[in-house]
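Architecture at a glance
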Amino acid sequence: MVEFRGLAVCRLILQGPDGLHSDGDRGDGSVKYVLTGEGAGTLFKIDEKSGDIHATKRLDREEKAYYILHAKAVNRFTNEALEGESEFIIKIHDINDNEPRFTKDPYMAGVPEMSDVGMFLPLAPKW
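Note that this is a predicted model, so its numbers are computed, not measured.

A look at the nonpolar core
Core analysis: the biggest nonpolar cluster contains 16 residues, and Leu35, Phe44, Leu59, Tyr67 and Ile90 have the highest contact counts within it. Secondary-structure elements contributing two or more residues to this core are strand E3 (31-37), strand E4 (44-46), strand E5 (53-55), strand E6 (66-75) and strand E7 (86-93). In terms of residue count, E6 provides more of this core than any other element does, four residues in total.

Below, the structure is given as structure tokens:
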């Protein structure tokens, strides 16, 4: 599973142990890496020569919590799979990208003396 927090630079690159690489890839251009699943080809692209997977835009936890992608290495000329398919679960972590908004003005609450830290405060009606 690959986990990352919201993308500040709008790009995710999976390489090495988290990316896709076939033992049959001799670097002669005969291997093509193919990506399928949720957002493949739109939100996520794969470099068909290297197997590196890239996010093409900023991902937002409020829109979708995770994506499941499948990638495989195929022979570029015959489209025959060289190995079994790999599954990637891209889990999006939430970042505080929305500022708080208060819908009423003002808010009023009473705090009893010597209250514990973290005590729930019920809001009183507007005075």
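Structural notes on the pattern of salt bridges
Oppositely charged side chains can pair when the atoms bearing their charge come close. Here the structure, examined in full by the defined rule, presents two salt bridges. Across the pair Glu38 and Lys64 runs a salt bridge whose closest N-O atoms are separated by 2.9 Å. Of this pair, Glu38 sits in the loop between E3 and E4 while Lys64 sits in the loop between E5 and E6, and the two are 26 residues apart along the sequence. Given the relative accessible area of 28%, Lys64 is considered partly exposed.

Cut-offs applied
- Every chain begins its residue count from 1, and numbering advances along the sequence as written.
- Note on the predicted model: pLDDT of at least 70 is required for a residue's local features to be given, and 80 or more for side-chain atom pairs to be given and counted; whole-chain, interface and lining totals, by contrast, use all residues.
- Note: side-chain values were computed over all heavy atoms of the structure, leaving out hydrogens and water.
- We define the nonpolar core as a collection of buried residues of types Ala, Val, Leu, Ile, Met, Phe, Trp, Tyr and Cys that are connected through side-chain atoms lying within 4.5 Å of one another.
- To sort residues, take the accessible area from a 1.4 Å probe on protein chains only and compare it with the maximum for the residue type: under 20% means buried, over 50% means exposed, and anything in between is partly exposed.
- Segments assigned H or I by DSSP are reported as helices when at least four residues long, segments assigned E as strands when at least two residues long, and all are numbered from the N terminus.
- By definition here, a salt bridge exists when the distance from a side-chain nitrogen of Lys or Arg to a carboxyl oxygen of Asp or Glu is within 4 Å.

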